[in-house]
Number of protein chains: 4
Amino acid sequence: MERRYRLVLSCPDRVGIVAMVSNFISSHGGSIADANQHSDPVTGRFFMRVEISAATLPFTLAQLQEAFAPIAASFQMDWEINDSSRPKRVVLMASRESHCLADLLYRFHSKELFCDIPCVISNHDDLRSMVEWHGIPYHHVPVDPADKSPHFAEVNRLINDYEADVVVLARYMQILPPDLCDRYPHRIINIHHSFLPSFAGAKPYHQAHDRGVKLIGATCHYVTEDLDAGPIIDQDVTRISHRDLPEDMVRLGRDVEKTVLARGLRWHLEDRVLVHGNKTVVFS
Amino acid sequence: MERRYRLVLSCPDRVGIVAMVSNFISSHGGSIADANQHSDPVTGRFFMRVEISAATLPFTLAQLQEAFAPIAASFQMDWEINDSSRPKRVVLMASRESHCLADLLYRFHSKELFCDIPCVISNHDDLRSMVEWHGIPYHHVPVDPADKSPHFAEVNRLINDYEADVVVLARYMQILPPDLCDRYPHRIINIHHSFLPSFAGAKPYHQAHDRGVKLIGATCHYVTEDLDAGPIIDQDVTRISHRDLPEDMVRLGRDVEKTVLARGLRWHLEDRVLVHGNKTVVFS
Amino acid sequence: MERRYRLVLSCPDRVGIVAMVSNFISSHGGSIADANQHSDPVTGRFFMRVEISAATLPFTLAQLQEAFAPIAASFQMDWEINDSSRPKRVVLMASRESHCLADLLYRFHSKELFCDIPCVISNHDDLRSMVEWHGIPYHHVPVDPADKSPHFAEVNRLINDYEADVVVLARYMQILPPDLCDRYPHRIINIHHSFLPSFAGAKPYHQAHDRGVKLIGATCHYVTEDLDAGPIIDQDVTRISHRDLPEDMVRLGRDVEKTVLARGLRWHLEDRVLVHGNKTVVFS
Amino acid sequence: MERRYRLVLSCPDRVGIVAMVSNFISSHGGSIADANQHSDPVTGRFFMRVEISAATLPFTLAQLQEAFAPIAASFQMDWEINDSSRPKRVVLMASRESHCLADLLYRFHSKELFCDIPCVISNHDDLRSMVEWHGIPYHHVPVDPADKSPHFAEVNRLINDYEADVVVLARYMQILPPDLCDRYPHRIINIHHSFLPSFAGAKPYHQAHDRGVKLIGATCHYVTEDLDAGPIIDQDVTRISHRDLPEDMVRLGRDVEKTVLARGLRWHLEDRVLVHGNKTVVFS
């Protein structure tokens, strides 16, 4: 894969943003390999993502960031530039259910997902062998239901020590404390096993069975303090029938969960997800 | 289409139901053209639908019903037998939005939906020309927001006078009073423009836009006293993106709404929907 | 809907195209409401579509075209600029099956599709009443199987006289002669009732039934001399089962056909479809 | 999971089949847990699948088969009865691409697929470690392109020795010789990476890219002598765009392939697939 610089930005919309950005790139000989933009008429905000062939620019990443900074400042941009050849560091967290974890590990192992996975953290020891077969350290951090704070302190320490760029809750069944959520805004990704906002909270498939819905779904979202209410990255559904008991929904839902989580994580790793308020712009 | 008797039943599950029913049919020479059954392990209830080639039985519908009654009684069945050649009478109700109405009228006109449509009732006069082109009487029954009871009294009178088998709320935007709901259990079908239970009530597409969901949907259900909470017949969804404003969702949602409503109504007309509690068994 | 100029172009890819185009727009105060681009690494061709708020430019359409021409020439662009407030003229052609025609007429009537429909042409008289109810002239042009050339001469004359921008074959079951195809490149849209390239030619649902496929589909494409082989605009499928006979596939397929055709036509009307070779770039 | 006897049959359609079968079951006290039937009006053939709670019958499997044999004979049935508690033996074959293999191994490991996997056979050694981690023997049987017969002789020997009930070609990229196909009718399952009959043969994603289709798919089918032409068990598709190169289609297609293969294999393992001619009845 060709090395690219990925420029991602948002700012108040006004005339001349695209011209200024594309001039900057072409004046240095940069070749635009991909570009997307979006103007939100409701909020008046402008969003843009540009992939530039790194070899066509006479800049290191740091030099490019420095050169672009004045433009960013003049348009009051929230922005970042990333190097596609630098893998993001993804800490995975799981509990006992292995389907999302196994799926992400496979996509990592087969190089479909371009990232590093410096460790897996779990409150149980069940999935150690599967993880270690992939050559990834496994940290079993038990939870004491009477006092969960030591667990979360240790989790926080590991995330820090491993310098995670992003944390993925791959069916990790604990609710993160607010301070942990706040420390990593838009950097913790969860998969919830329902089509949110329906069936937030516990046992969504049982809730779905009780209500008699004809489709079940899954939602990949950024974690915020509000349980199952953070910005949605992706969702999908699958059809069920009156024959399906909650345990059938669990089985059918697993395929939706892992597909939606893998897709959402991929988009995050490729800097395709921009958050504004409680919503996302996804340049997929 | 070959004429068929449709036997639909539910009863407490026990050994021998299928044998008894199929013996009854074959002992009279009846040929089973289609059959479905379902045992619900949660409620212990058994559901069955059988289509019998009418020409192979030596019975009129009334004779068949009389002959089957003792079996039904011995198994404590809720049951009915219908003649596929007798079209159900469908009263359509609409307001100003025409997409669901136009779709059902087209499917009726093109003989895709086998039914009679004795009249259309609306609280506005906008859709008269479209309806009357199909040769169907149009009743404009205005609503006085200060006192809706005359409207509903007239609606009730029309439903009665036209001997409706089923009433379809094709984006009829008024909430039916409880007594009207009670009078026609499992005979009033509504289309709600969201994937219930998400976004019940008013302006679901605006609710969906505010929440930032990535799919929007529609739900076809029987009307009960509890708003948007009756037994679900069918649901479907379509993908949206950050580019879609509420008005785009309205446009994209229309196709889902009309498809789901037409499918649900078709199943109802073919006696494929069995209600138990607040859920449906759909032998589609 | 805000009035917009739609600039659509393709040219050999090289550094500076986006910069030059966006500079041109912003230097005249133009506000970019939407933009898409695509670089095809296989062919080395660049594709772009920009929507500019017309009110922000000091140009009429003709002035804008004149002002942009030198840039277009310097990059060897295939290009056009359209005014979103000018409806394209769509001539519909049909035979006896009405589902696609009725669907397009409804979307036109309800203002979902922004276009003019100056006339409908058919080789049968069956659909006259439906068309005329919409206030659209209906031309019945019979086909003599022994000599179809008078039919096509008259069809060609009508297309010309009505100054069609685009012709839609809404289940018009005749094969157009090559000279007619050549006269309107990328301006004749057909709906084929299979998921091409499977089941090209006659009776695709019967072919699908014989092969025992588990999904059936429809394909919206531009018409070329090669039957069912032109550039594909959109496709979709729906699930079937062993229970479905060819006549059931016909019924289920109708919903796919009309959805795919309406979507493809909408994209064409909004200048979202760019053809290159035998393939399309669709900025949907 | 409750132990069940699964009776699967097909025979010429006539009056009384269901009555005879259900009488037989209920006269011995058998409780029907699930049942499906299908009458094909084109071929005049009747298909049925019944699940009976084993504990409610006073029979071993062999006794049940013996007791049912006279009924089967009198209706000229093709039939079998299986015990749901006996896992089928599935020999997996793969080449270098691991996605389908890894997916099936995971579903086996997590007990989602109820079967035995006595061995994996591959013409390369690449996937040994992944397979052996699951505790399954791995046989590397190289192919000599100049003479493939020793390879297939060894493959045949292994299938025999391991007493395979079914062989799954999980992206095994060799064409089986006719005699091997004939030896295991409806017992060799292949996944083809296109929506058949489109793009049979080699490099289907490249064929799809060349044609410019808007959806790509996968097909799970029984292997016959005719390449990619056997009875289809399941198919599915996913949407692509002009941005997707063949390598993107390969990536996106992998998820469809593994989902379709796993679903098809599951149905086969549960005796839900009945073959008649070149088509399948799937009681899913």
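Residues numbered from 1 in each chain as written. Chains lettered and ligands numbered in written order. Predicted model: local features only at pLDDT ≥ 70, side-chain atom pairs only at ≥ 80, totals over all residues. Heavy atoms only, no water.

**Student:** So what exactly am I meant to see when it comes to the relation of the copies chain A and chain B here?
**Tutor:** A rotation about some axis, followed by a shift along it, carries one copy of the chain onto the other. Of the two same-sequence chains, chain A is brought onto chain B (RMSD 0.0 Å, axial shift 0.0 Å) by a rotation of 180°. Look at the turn and shift together and you get a two-fold axis relating the two. For chain A, the smallest separation between a C-alpha atom and the rotation axis is recorded for A:Ser198, amounting to 2.5 Å. Interface overlap between copies: 100% of the residues of chain A at the interface are likewise at the interface in chain B, consistent with a symmetric, same-surface contact. (Least-squares fit on C-alpha atoms with pLDDT ≥ 70 in both. Contact = heavy atoms within 4.5 Å.)

**Student:** Where do I start with the packing of aromatic side chains in this structure?
**Tutor:** What describes a pair of aromatic rings is the distance from one ring centre to the other and the angle between the planes of the rings. This structure, assessed with the given rule, holds 10 aromatic pairs over all chains. Judged by centre distance (5.4 Å) and plane angle (65°), the ring pair of A:Phe24 and A:Phe68 falls under edge-to-face. Taken together, the positions of A:Phe24 in helix α1 (residues 17–27) and A:Phe68 in helix α2 (residues 61–74) put the pair 44 residues apart, joining distant regions of the chain. No difference in accessibility class separates A:Phe24 from A:Phe68, as the two residues are buried. With a centroid separation of 5.1 Å and 85° between ring planes, the pair formed by C:Phe195 and D:Phe195 is classed as edge-to-face. Linking C:Phe195 in the loop between β10 (188–192) and α7 (204–211) with D:Phe195 in the loop between β10 (188–192) and α7 (204–211), this pair reaches from one chain into another. Pairwise contacts between aromatic rings join A:Phe24, A:Phe68 and A:Trp79 into one cluster. (Phe/Tyr/Trp six-rings, centres within 6.5 Å; stacked < 30°, edge-to-face > 60°. Helix = DSSP H or I, 4+ residues; strand = E, 2+ residues; numbered from the N terminus. Buried < 20%, exposed > 50% of the residue type's maximum accessible area, 1.4 Å probe, protein only.)

**Student:** Just to check I follow, could you spell out the interface of chain B and chain C for this structure?
**Tutor:** Many descriptions give the size of an interface as the accessible area lost when the pieces come together. At the junction of the two partners, chain B supplies 19 residues and chain C supplies 19 residues. For the pair chain B and chain C, the summed buried area comes to about 1700 Å², and 43% of that belongs to carbon and sulfur atoms. Together, B:Tyr106, B:Trp133 and B:Arg251 form the three largest contributors to the area buried by chain B at its contact with chain C, with a combined 33%. Applying the counting rule to chain B against chain C returns seven salt bridges. The shortest N-O distance in the salt bridge between B:Arg254 and C:Glu112 comes to 3.4 Å. The tally of links from chain B across to chain C stands at 12 residue pairs in polar contact (both at pLDDT 80 or more). Mapped onto the side of chain B that touches chain C, the elements with two or more residues apiece are β2 (32–40), α3 (99–109), α4 (128–133) and α8 (246–269) of chain B. A total of six residues in the side of chain B that touches chain C trace back to one element, the largest contributor, which is α3(B). For the side of chain B that touches chain C, the class distribution of residues is four nonpolar, five polar and 10 charged. (Buried area = accessible area lost by both parts, 1.4 Å probe. Salt bridge = Lys/Arg side-chain N within 4 Å of Asp/Glu carboxyl O. Polar contact = N/O pair within 3.5 Å; in protein donor to acceptor, adjacent residues only side chain to side chain. Nonpolar A, V, L, I, M, F, W, Y, C, P; charged D, E, K, R; others polar.)

**Student:** Please explain the state of the cysteines as it appears in this structure.
**Tutor:** By definition, a disulfide is the covalent link that joins the sulfur atoms of two cysteine residues. Residue and element names in this part refer to chain D. Taken as a whole, this structure holds zero disulfides over all chains when the rule is applied. The closest cysteine sulfur to the non-disulfide-bonded Cys119 is located on Cys115, 12 Å from its own sulfur. Left without a disulfide partner, Cys220 is nearest to the cysteine sulfur of Cys100, which lies 9.5 Å away. Its relative accessible area of 0% is what places Cys220 among the buried residues. (Disulfide = S-S within 2.5 Å.)

**Student:** Is there a simple way to think about the interface of chain A and chain B in this case?
**Tutor:** At the junction of the two partners, chain A supplies 36 residues and chain B supplies 36 residues. Taken together, the two surfaces of chain A and chain B that pack against each other cover about 3000 Å², and 54% of this comes from carbon and sulfur. Per-residue buried area on chain A facing chain B is highest for A:Arg211, A:Lys214 and A:His242; these three make up 23% of the total on that side. For the pair chain A and chain B, the number of links is four salt bridges. For the salt bridge of B:Asp236 with A:Arg239, the shortest nitrogen-to-oxygen distance reads 3.5 Å.

**Student:** Got a minute to help me understand the UniProt feature "domain: ACT" (unreviewed entry) in chain A in this structure?
**Tutor:** With numbering aligned to this structure, UniProt lists the feature "domain: ACT" (unreviewed entry) at residues 6–86 of chain A. Between the first and last C-alpha atoms of residues 6–86 of chain A the distance is 11 Å; the span itself is 31% helix and 38% strand. (UniProt positions renumbered as here; feature names shortened; annotations may be inferred.)

**Student:** How should I be thinking about α8(B) in this particular structure?
**Tutor:** Each α-helix turn comprises 3.6 residues. Residues three or four places apart therefore point the same way. Residues and elements named next belong to chain B. Between its first and last C-alpha, α8 extends 33 Å over 24 residues, near the 34 Å set by a 1.5 Å rise per residue. Counting buried residues in α8 gives 18 out of 24 residues, a clear majority hidden from the surface. Following α8 by one or two positions, Asp271 adopts a phi angle in the positive range, close to 55°. (Expected span 1.5 Å × (residues − 1).)

**Student:** What is the right way to read the UniProt feature "active site" (unreviewed entry) in chain A from this model?
**Tutor:** All names here are of chain A. Per the UniProt record, "active site" (unreviewed entry) is found at Asp228. With respect to the helices and strands, the residue Asp228 is situated in the loop between β11 (215–222) and β12 (232–239). In this structure the side chain of Asp228 is engaged in a polar contact, spanning 3.4 Å, whose partner is the side chain of His192.

**Student:** Can you walk me through the domain arrangement of chain A in this structure?
**Tutor:** Residue and element names in this part refer to chain A. Segmentation of chain A into domains returns domain 1 (4–83) and domain 2 (88–282). In total, domain 1 and domain 2 occlude about 820 Å² of area from one another, counting both sides; carbon and sulfur atoms represent 59% of this. Contact with domain 2 buries area across many residues of domain 1, yet Arg6, Phe47 and Arg49 alone supply 51% of it, more than any other trio. Applying the counting rule to domain 1 against domain 2 returns two salt bridges. Counting across the domain 1 and domain 2 interface gives five residue pairs in polar contact (both at pLDDT 80 or more). Counting residues per element, the ones that place at least two in the side of domain 1 that touches domain 2 are β1 (4–12), β2 (32–40), β3 (45–53) and β4 (78–83). Residues belonging to the side of domain 1 that touches domain 2 are distributed by class as follows: four nonpolar, three polar and six charged. (Domains from an automatic or database assignment.)

**Student:** Where do I start with the environment of A:Arg4 in this structure?
**Tutor:** All names here are of chain A. Inspection of the secondary structure assignment puts Arg4 in strand β1. Judged by its relative accessible area of 18%, Arg4 is buried. Separated by 51 residues in sequence, Arg4 and Ala55 have C-alpha atoms that sit 7.8 Å apart. Among the polar contacts listed, one links the side chain of Arg4 to the side chain of Glu2, at a separation of 2.8 Å.

**Student:** Honestly, the pattern of salt bridges in this entry has me stumped. Any pointers?
**Tutor:** Counted according to the given criterion, the structure contains 125 salt bridges over all chains. Here B:Arg3 ties to B:Asp83 by a salt bridge, and the two come within 3.1 Å at their closest N and O atoms. Separated by 80 residues along the polypeptide, B:Arg3 in the segment before β1 (4–12) and B:Asp83 in strand β4 (residues 78–83) bring together distant segments of the chain. Looking at B:Arg3, the relative accessible area reads 38%, which means it is partly exposed. For D:Glu2, the salt bridge identified is with D:Arg4, shortest N-O distance 2.8 Å. When its relative accessible area of 38% is taken as the criterion, D:Glu2 is described as partly exposed. Here the residues in one salt-bridge network are A:Glu2, A:Arg4, A:Arg6, A:Arg49, A:Glu51, A:Lys88, A:Arg266, A:Glu270, A:Asp271 and A:Arg272, joined through shared partners.

**Student:** Before we go on, may I ask you to explain the environment of C:Glu225 in this structure?
**Tutor:** Residues and elements named next belong to chain C. Examined against the element boundaries, Glu225 turns out to sit in the loop between β11 (215–222) and β12 (232–239). Taking the relative accessible area as the measure of exposure, Glu225 reaches 48% and is therefore partly exposed. Between the C-alpha atoms of Glu225 and Ala94, which are 131 residues apart in sequence, the distance is 19 Å. Leave out the neighbours within four places in its chain, and Glu225 touches Pro178, Cys181 and Asp182.

**Student:** Quick question: what am I supposed to make of the side chain of A:Asp40 here?
**Tutor:** Residue and element names in this part refer to chain A. Turning to its location among the elements, Asp40 is positioned in strand β2. Buried charge Asp40 goes without a salt bridge, the closest partner of opposite sign being Lys279 at 5.8 Å. Here the side chain of Asp40 touches Val42 through a polar contact of 2.8 Å, landing on its backbone nitrogen. Not counting chain neighbours up to four residues away, the residues in contact with Asp40 comprise Arg45 and Phe47. (Lys, Arg positive; Asp, Glu negative; His and termini not counted.)

**Student:** Would you mind showing me how to read the side chain of B:His151 here?
**Tutor:** Residues and elements named next belong to chain B. With respect to the helices and strands, the residue His151 is situated in helix α5 (residues 149–161). For His151, a relative accessible area of 1% corresponds to the buried category. Excluding residues within four positions of it along the chain, His151 makes contact with Asn123, Val141, Pro142, Val143 and Tyr172.

**Student:** Can you help me understand helix α1 (residues 17–27) of chain B in this one?
**Tutor:** Three or more residues of α1(B) are buried, namely B:Ile17, B:Val18, B:Ala19, B:Val21, B:Ser22, B:Phe24 and B:Ile25. Turning to α1(B), the residues buried within the fold contact β1, β2, β3 (45–53) and α2 (61–74) of chain B together with α1 (17–27) and β2 (32–40) of chain D.

**Student:** Is there a simple way to explain the packing of α1(A) against α2(A) in this structure?
**Tutor:** A pair of packed helices is captured by two measures, namely the crossing angle of their axes and the spacing between those axes. Residue and element names in this part refer to chain A. Direction vectors running N to C along α1 and α2 enclose 150°, while the axes themselves pass 11 Å from each other. As the angle between them shows, α1 and α2 are arranged roughly antiparallel. Helix-helix and strand crossings are classified by hand; for α1 and α2 the assignment is right-handed. Contacts between α1 and α2 involve Met20, Val21 and Phe24 on the former and, on the latter, Leu64, Ala67, Phe68 and Ile71. Grouping the constituent residues of the contact of α1 with α2 by class yields seven nonpolar, no polar and no charged. (Axes fitted to C-alpha atoms, helices over the stretch in contact; angles between N-to-C directions. Parallel < 35°, antiparallel > 145°, perpendicular 65-115°, else oblique. Left-handed = near helix turned anticlockwise from the far one by under 90°.)

**Student:** Got a minute to help me understand the pairing of β1(B) in this structure?
**Tutor:** Taken residue by residue, a regular strand's side chains alternate between the two faces of the sheet. Residue and element names in this part refer to chain B. Within β1, eight of the nine residues are buried, which leaves the element mostly enclosed by the surrounding structure. Taken together, the nine bridges between β1 and β3 define a ladder with antiparallel strand orientation. Opposite Leu9, over in β3, you have Met48 as the bridge partner. Across six bridges, β1 lies against β4 in antiparallel orientation. Across the sheet, Arg6 pairs through a bridge with Asn82, a residue of β4. (Pairing = 2+ DSSP bridges.)

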